[in-house]
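Observations on the three-dimensional arrangement
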Amino acid sequence: CEAPATPGVYVFRDWSGGVLYVGKAVNLRRRLAAHFADRRWRTLPPPMTSVTAVEWQRVGSEIEALLREAILIRDLRPVVNVQTAAPTFGARAIPASLVRDVVLLVASSDSDAVQIVAARADGATLLQRTPRSGADLARHSRHLWEFFRAPACAVGDNSAALVFSWLADRGQRTTRVHPRDVGSAPELRRLLGQLLADKDLFSERLVAS
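Quick look at the structure, then. None of these values were measured; they are calculated from a predicted model. (Residues numbered from 1 in each chain as written. Predicted model: local features only at pLDDT ≥ 70, side-chain atom pairs only at ≥ 80, totals over all residues. Heavy atoms only, no water.)

**Focus: the overall build of the chain**
Helices and strands together make up the secondary structure of the chain, namely 6 helices and 7 strands. If you list the helices and strands of the chain from N to C, you get β-β-α-α-β-α-β-β-β-α-α-β-α. Here the chain holds 209 residues, and the buried ones make up 45% of them. In the chain, the proportion of contacts linking residues at least 24 apart, taken out of those at least 6 apart, comes to 64%. In the form shown here, the chain has an accessible surface area of approximately 10700 Å², with 50% of it arising from carbon and sulfur atoms. (Helix = DSSP H or I, 4+ residues; strand = E, 2+ residues; numbered from the N terminus. Buried < 20%, exposed > 50% of the residue type's maximum accessible area, 1.4 Å probe, protein only. Contact = heavy atoms within 4.5 Å. Areas by Shrake-Rupley, 256 points an atom, 1.4 Å probe, with all protein chains shown as cover.)

Here's what the structure looks like:
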């Protein structure tokens, strides 16, 4: 398998380009090899026998893979996937204390950048990549500030239940900022810049002050 041994999302297509299945993986190479193993292949749903092309996209973290999978399923409507809508809060065991507007800083597939994952308590999410140098941080901070203050109907993907359930489990040590505790876009920029500059950003949970 030529896929990288990194987190990512993948799409199976048939001969006409139709989307059969969308999936995610912490290790793309291992997951795709498992899909095409002889024993597993014999038990797959009949449409999967029509796979003629596989596409994949590297990401930097498990949570980014989860969100990008949800977006692809929503947009592409694959015929084999069972769940075709983002999970709701009622379908996930999420502590109420975690359900608050949050900005997460996670690894990016670009080593010189950080993936920002923003989630609102009303369900909206936003993915944004920013250089660790801080070159685009003023613009990205304004975008985040506007995202958290926009009406619910005006913001993007509705997958925040994925973010909060991940935080309750494997994402507990992820560095985060709560924008409702910040007074302005410049203050948000300052806090994010402080975190981006820390060499321990991905090795432990950091708190900006």
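**Here we look at the nonpolar core**
Counting residues in each nonpolar core, the largest one holds 23 residues, and the members touching the most others are Leu 144, Val 177 and Leu 192. Elements with a minimum of two residues in this core: strand E4 (102-107), strand E5 (113-119), helix H4 (137-149) and helix H6 (185-196). If you tally residues by element for this core, the top one is H6, at 6 residues. Setting aside anything within four residues of it in sequence, one finds Leu 192 in contact with Val 103, Leu 105, Leu 137, Ser 141, Leu 144 and Val 177. (Core = buried A, V, L, I, M, F, W, Y, C linked by side-chain atoms within 4.5 Å.)

**Concerning the pattern of salt bridges**
By the definition in use, this model includes 12 salt bridges. For Arg 74, the salt bridge is made with Asp 75, and the minimal N-O distance between the two is 2.8 Å. In this structure, the salt-bridge partner of Arg 190 is Glu 187, at a minimum N-O distance of 2.9 Å. Taken together, the residues span about one helical turn, with Arg 190 and Glu 187 both in helix H6 at a distance of 3 residues. Residue Arg 190 is classed as partly exposed on the basis of its relative accessible area, which comes to 39%. (Salt bridge = Lys/Arg side-chain N within 4 Å of Asp/Glu carboxyl O.)

That's the geometry; what it means functionally is another story.
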